[in-house]
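Coordinates in review
Listed here are the chains, written in short residue letters.
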Amino acid sequence: MRRLAALRAAALAALVLGGGATPGAATGHSTAFAPKGEAVAAPKGARGLCAAHPWACAASETRSWNARALMTRARVVNARVNRAVTEISDKAQYGREEVWALPTARGGDCEDFALLKKRKLMTFGVEPARLMIATVLDRQGRSHAVLLLRTDEGDLVLDNLVDSILPWDKTGYTFLRVQDPEAPARWRRVFAGGMLADPPVAAASGAAASR
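Residues numbered from 1 in each chain as written. Predicted model: local features only at pLDDT ≥ 70, side-chain atom pairs only at ≥ 80, totals over all residues. Heavy atoms only, no water.

Within the secondary structure, N78 is located in helix α3 (residues 67–84). A polar side-chain atom of N78 sits 2.7 Å from a polar atom in the side chain of K117. With near-sequence residues (within four places) excluded, N78 lies in contact with K117, L158, D159, V162, D163, S164 and I165. (Helix = DSSP H or I, 4+ residues; strand = E, 2+ residues; numbered from the N terminus. Polar contact = N/O pair within 3.5 Å; in protein donor to acceptor, adjacent residues only side chain to side chain. Contact = heavy atoms within 4.5 Å.)

Our next topic: a positive patch on the surface. There is a patch of like positive charges on the surface, built from R80, R83, R119 and K120. As for its placement among the helices and strands, K120 is situated in helix α5 (residues 110–123). (Patch = residues over 30% accessible without salt bridge, like charges linked within 9 Å, V, L, I, M, F, W, Y side chains within 5 Å. Areas by Shrake-Rupley, 256 points an atom, 1.4 Å probe, with all protein chains shown as cover. Salt bridge = Lys/Arg side-chain N within 4 Å of Asp/Glu carboxyl O. Lys, Arg positive; Asp, Glu negative; His and termini not counted. Charge placed at Lys NZ, Arg CZ, Asp CG, Glu CD.)

Let us look at unusual backbone geometry. For E98, which is not glycine, the phi torsion reads 60° and is therefore positive. With respect to the element layout, E98 can be found in the loop between α4 (90–94) and α5. Accessibility expressed as a relative area gives 33% for E98, which makes it partly exposed. Its identity as a non-glycine residue notwithstanding, F191 has a phi of 55°, on the positive side. The residue F191 is located in strand β7 (residues 183–192) in this model. By relative accessible area, which is 3% here, F191 ends up buried. (Buried < 20%, exposed > 50% of the residue type's maximum accessible area, 1.4 Å probe, protein only.)

Structure representation (structure tokens):
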């Protein structure tokens, strides 16, 4: 319980210090689509993103896709980028933290992977409104970024740490902020999933019975 409380506090601190917004109540309800809360400031590294890479903030209407075709493209792009790009920290590459850019010949970090996947899927005809970069805390409470793919059935995660594409609420990640699909230059609070999710009913019942 102490570890969970500490992780919850870390999530609050990461959101508040990074965006200057006061988070609302966390939502633990499982849903196919990541919740979209109030507008918050962009992550520090993303504040010059739209000027440097206008396509990363392009807006569009979503159109209907054949689910199989969309997933095939997503799996191919996710796996190819994960294999092609070497992971390297911003500190090692640029001498400073939080540089959001496309990977270089040396490689890139998690945000760079997400940006490259977004651009490649856009070249395949996937609309920007379906492709949103999200900032999260991973299972160990470390800062991370992924690309959310919005399908007609729900939001899926393209991650540089694994080739598997999972529903957002099955990753174990705590989602903090996400690009607004209607206006990707803006960011929205999510604050759901991972350490903020409701515990499974069976586990909660078992814990109560053991007291």
